[in-house]
Amino acid sequence: MSAPRNQFPTKLLRWLSFSAVILPLLILGGLLFEVLADGLTRIDLDFLQGYPSRRASRAGILPSMVGSMCLVVLTACLVVPVGMGAALYLEEYGGRSRASRFIEVNISNLAGVPSIIYGLLGLGLFVRLLDMERSLLAGACTLALLVLPIIIMASREAIRTVPYSYREACWGLGATRWQTIRRVVLPMALPGMLTGSILAISRAIGETAPLIVVGALTYITFLPENLWSPFSALPIQIFNWVSRPQEAFIENAAAGIIVLLGIMLFINSMAVWLRAALQRRGR
Amino acid sequence: MSGVEAEDKNSVKIEVSDLRAGFGKTEVLHGINMKIPSRGVTAIIGPSGCGKSTFIRCINRMHETVPIATTSGAIYMDGENIYSSEVDPVLLRRRVGMVFQKPNPFPNMTIRENVLAGLRLTGSTKAKDLDQVVENALEQAALWDEVKDRLDSPGVGLSGGQQQRLCIARSLAVSPDVLLMDEPCSALDPIATAKVEDLIRTLKEEYCIVIVTHSMQQAARASDKTAFLLMGDLVEFDDTTRLFTGPSDSRTEDYITGKFG
């Protein structure tokens, strides 16, 4: 009989990785509990339908909630076609040239640029140079720039999961590159591309810094009417409330956080649902 | 009548003339000359890395889909140089079908959709009896009886051998006149291999088939003519029986008797 194998490293690794899972969950759970405890009682129909007010008990979040939703939809419309198109080009047409590798590296770098920088870019480019002023469109364009690199990378990842042999099979049948992309590559990659895009956009909804720079308002008593309207957004409203000294506004902030989390949860579950639905249809 | 048929059998479908091909600065094929007959099976054998696959991929211009691929020389199909600037490789590939090493039916399509993929992809489904196309192609690929009751189930649900025959049916559905097969049985078990070989023997009456194989037994069993490639050169090209019983080059003899490779 050989000596029993030393079980210690295996067990240690197991516990370490287990705590790596459980620790963040505990912290997040604690935060969530705090927020729910503070804000849940504050959420009612008046709060959801109300406009900002100097009196905390009468303040509502309707304008910033609507603003955030408009931003998300607008950002998605702007960025998803561009991001997916760029990813398709880089994967299917770009080849391995020096130029395309240079672009690749820079896209990954852009994904890591702090969001405040994008805010300043948005301020200079959209608000000032293109004269969009502090409008919904300027905000959406800025957020679109912010998530574009992430969407390109997620989409490329999804396209790369389609094995090369299907492309060859397609070309072998006399299909052009575009026919191959439309009928074989895209249907197989689309669930992944969409999920990646939606997750990226749901991150953008929580962005505060770039919107402050671009000039989102905190005290607004009307809903955005068109692309050129001034707007507010949930994270900005929350930020504003948190910085007030009165206890009641802190409660408002917690309630706002719950609403924001709810919207994000909704968007993310839509991503999951969409992926499942597309895959079912693809089969 | 018989005179015409005999002539047809011996007529040349593909004439390869000083074909050189490679990747970047590496040349894989160093000037191949070969005349492939209109009917029957031509097998390409040789050790790994000799350029078999590159050669067959030049015949439907699939080789050039790799960004750094290079080609020179000419391949004449029915007398027309397929490498001339007037030939559109996309249209060429509709005349020259290809079956790959690993069965690759499209996973997002049913059996029926897979067979029709070529027509659907290229938008040429109009004015055709699609049910008839599906039945004919599957019939030709000896798969009809096995799948006729489940045409709408996914193509990837079939066994490996059935998938490969589905891929053959998919190629046949666009009615090519040449069928290229790049080691079509290397991922299959012996029984599935035997079925595909049977199929090749039937199809050769109607098509010009070029098959790459690393199994010499398969070349001997299923082909009429065999070409032996070594390090990018065509060493010997002859009737299969003659090449295997009395090769004229000593390197061919060494290879088929198993001294290397």
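From a predicted model like this one, the values you see are computed outputs, not experimental measurements. (Residues numbered from 1 in each chain as written. Chains lettered and ligands numbered in written order. Predicted model: local features only at pLDDT ≥ 70, side-chain atom pairs only at ≥ 80, totals over all residues.)

Engineer: Which residues make up the overall build of chain B, and what are the values?
Structural biologist: Each helix and strand counted, chain B has 11 helices and 10 strands in total. Against the 2.2 N^0.38 benchmark of 18 Å for 261 residues, chain B shows a C-alpha radius of gyration of 18 Å, consistent with a compact globule. Oriented by its inertia axes, the alpha-carbon framework of chain B measures out at about 55 × 45 × 40 Å. Taking all 261 residues of chain B together, 46% fall into the buried category. (Helix = DSSP H or I, 4+ residues; strand = E, 2+ residues; numbered from the N terminus. Rg over C-alpha atoms; globule rule 2.2 N^0.38 Å. Buried ≥ 20, exposed ≤ 12 C-beta atoms within 10 Å, placed from the backbone.)

Engineer: I'd like a description of the overall build of chain A, backed by residues and values.
Structural biologist: Within chain A one finds 11 helices and 0 strands. Beginning at the N terminus, the succession of helices and strands in chain A can be written as α-α-α-α-α-α-α-α-α-α-α. Summarising its shape, the C-alpha atoms of chain A cover approximately 70 × 70 × 35 Å along the three principal directions. Across chain A, contacts joining residues at least 24 apart in sequence account for 76% of those joining residues at least 6 apart. (Contact = placed C-beta atoms within 7 Å.)

Engineer: Outline the sheet that holds strand β10 (residues 233-239) of chain B, supporting the account with residue identities and numerical values.
Structural biologist: Residues and elements named next belong to chain B. The mixed open sheet is built from 6 strands, whose spatial order is β6-β7-β8-β3-β9-β10. Each having just a single partner strand, β6 (96-99) and β10 make up the two edges of the open sheet. Direction aside, neighbouring strands of the sheet carry axes that sit 15° apart on average. Across 4 bridges, β6 lies against strand β7 (residues 178-182) in parallel orientation. If you follow Gly-97 over to β7, its bridge partner there is Leu-179. Sheet contacts for helix α2 (residues 52-59): β3 (40-45), β6, β7, β8 (208-212) and β9 (225-230); angle to β8, the most-contacted strand, approximately 155°. Helix α7 (residues 160-172) contacts β6 and β7 of the sheet and is inclined by roughly 170° relative to β6. (Pairing = 2+ DSSP bridges. Axes fitted to C-alpha atoms, helices over the stretch in contact; angles between N-to-C directions.)

Engineer: Explain the confidence of the model for chain B residue by residue, including any values.
Structural biologist: Residue and element names in this part refer to chain B. When pLDDT is averaged across chain B, the result is 87; 95% of the residues are at 70 or more. At the level of individual helices and strands, chain B shows its lowest average pLDDT in helix α1 (residues 2-10), which scores 48, and its highest in β8, which scores 93. Taken together, the stretch residues 1-7 has pLDDT below 50 and engages in 0 contacts with residues farther than four places along the chain or on a different chain. If you check the scores for this complex, the pTM reads 0.79 and the ipTM reads 0.86. (pLDDT = per-residue confidence, 0-100.)

Engineer: How would you summarise the sheet that holds strand β5 (residues 80-81) of chain B if you had to cite specific residues and measurements?
Structural biologist: Residue and element names in this part refer to chain B. Overall, antiparallel pairing links the 4 strands, which are arranged β2-β1-β4-β5 in an open sheet. The open sheet has two edge strands with one neighbour each: β2 (26-37) and β5. Here strand β1 (residues 12-23) pairs with β2 via 9 bridges, running antiparallel. Opposite Ile-14, over in β2, you have Ile-36 as the bridge partner.

Engineer: Describe the pairing of β7(B), listing the residues and the values that go with them.
Structural biologist: All names here are of chain B. Of all 5 residues that make up β7, 5 are buried, and the element is covered over most of its length. Covered by surrounding structure in β7 are Val-178, Leu-180 and Asp-182 together with Leu-179 and Met-181, the residues of both alternating faces. Of the pairings in the sheet, the one linking β7 to β8 comprises 5 bridges and is parallel in character. Note on β8: the bridge partner recorded for Val-178 is Cys-208.

Engineer: Outline the environment of B:Val96, listing residues and values.
Structural biologist: All names here are of chain B. Checked against the element boundaries, Val-96 lands in strand β6. Distance from Val-96 to Ser-175, taken between C-alpha atoms, is 8.9 Å for residues 79 residues apart in sequence. If we ignore the near neighbours within four places in the chain, the residues touching Val-96 are Ile-59, Asn-60, Pro-176, Val-178 and Leu-180.

Engineer: Could you give me a rundown of the interface of chain A and chain B, with the residues and numbers involved?
Structural biologist: Chain A puts 20 residues into the contact, and the matching count from chain B is 23 residues. Counting residues per element, the ones that place at least two in the side of chain A that touches chain B are α7 (164-172) and α8 (177-204) of chain A. Of the residues forming the side of chain A that touches chain B, the biggest block, 7 residues, is contributed by α7(A). Grouping the amino acids of the side of chain A that touches chain B by side-chain chemistry returns 9 nonpolar, 7 polar and 4 charged. (Nonpolar A, V, L, I, M, F, W, Y, C, P; charged D, E, K, R; others polar.)

Engineer: Give a detailed account of the nonpolar core, specifying residues and quantitative values.
Structural biologist: Ranked by internal contacts, the top residues of the largest apolar core, which has 144 residues, are A:Val147 and B:Ala169. Sort the elements by how many residues they give to this core and helix α6 (residues 136-160) of chain A lands first, with 18 residues. Ignoring any residue separated from it by four or fewer positions in sequence, one finds B:Ala169 in contact with B:Val115, B:Ala137, B:Leu138, B:Gln140, B:Ala141 and B:Leu143. (Core = buried A, V, L, I, M, F, W, Y, C linked by C-beta atoms within 7 Å.)

Engineer: I'd like a description of the packing of α7(B) against helix α8 (residues 190-203) of chain B, backed by residues and values.
Structural biologist: Residues and elements named next belong to chain B. Following both chains from N to C, one finds α7 and α8 inclined at 20°, their axes separated by 9 Å at the closest point. Overall, the two elements α7 and α8 adopt an arrangement that is roughly parallel. Note that α7 runs across α8; the crossing there is right-handed. Counting all contacts with α7, which are made through Gly-160, Gly-161, Gln-164, Arg-165 and Ile-168, the residues of α8 involved are Ala-192, Lys-195, Val-196 and Leu-199. Residues of the contact of α7 with α8, tallied by class, amount to 4 nonpolar, 3 polar and 2 charged. (Parallel < 35°, antiparallel > 145°, perpendicular 65-115°, else oblique. Left-handed = near helix turned anticlockwise from the far one by under 90°.)

Engineer: So, the pairing of strand β4 (residues 69-77) of chain B: which residues are in play, and what are the values?
Structural biologist: Residue and element names in this part refer to chain B. For β1 and β4, the ladder comprises 8 bridges, and the chain directions are antiparallel. Across the sheet, Glu-15 pairs through a bridge with Tyr-76, a residue of β4. Bridging between β4 and β5 involves 2 bridges; their strand directions are antiparallel. Its bridge partner being in β5, Tyr-76 is matched across the sheet by Asn-81.

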